[in-house]
Amino acid sequence: MGMEPALHQLMGIRMNSVMNGITNGDGEYQAIIRKTDEYSDKLDKINLSKEARLLIDSYVSEQNAHSTILCY
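Enquirer: Quick one: what's the story with the overall build of the protein chain, residue by residue and with numbers?
Expert: Tallying secondary structure elements over the protein chain gives three helices and zero strands in all. In sequence order, the protein chain lays out its α and β elements as α-α-α. Against the globule reference of 11 Å for 72 residues, the protein chain gives a C-alpha radius of gyration of 17 Å, more extended than a compact globule. Counting the 72 residues in the protein chain, one finds 3% classified as buried.

Quick look at the structure:
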């Protein structure tokens, strides 16, 4: 582990543990993860160029930001 104080390390471990417990028990979240894994596998199989992958990533990131703003 790095040079950060032990308390910060312990807090990080605890938060990760809590968040994993929450997400593992959330059926909707798990369904989303499965679907995104399917899309990721399909993208990997079509061997897109780095530029195409970056374009897709930028597009998806902007769509996520837009969706997040609409939720508030």
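Next, the rest of the story.
Enquirer: Give me the confidence of the model for the protein chain: which residues, what numbers.
Expert: Overall, the predicted model of the protein chain reaches an average pLDDT of 84, with 92% of residues at or above 70. Of all the helices and strands in the protein chain, helix 1 (residues 6-24) carries the lowest mean pLDDT, 79, while helix 2 (residues 27-45) carries the highest, 89.

Rules used throughout
Residues numbered from 1 in each chain as written. Predicted model: local features only at pLDDT ≥ 70, side-chain atom pairs only at ≥ 80, totals over all residues. Heavy atoms only, no water. Helix = DSSP H or I, 4+ residues; strand = E, 2+ residues; numbered from the N terminus. Rg over C-alpha atoms; globule rule 2.2 N^0.38 Å. Buried < 20%, exposed > 50% of the residue type's maximum accessible area, 1.4 Å probe, protein only. pLDDT = per-residue confidence, 0-100.

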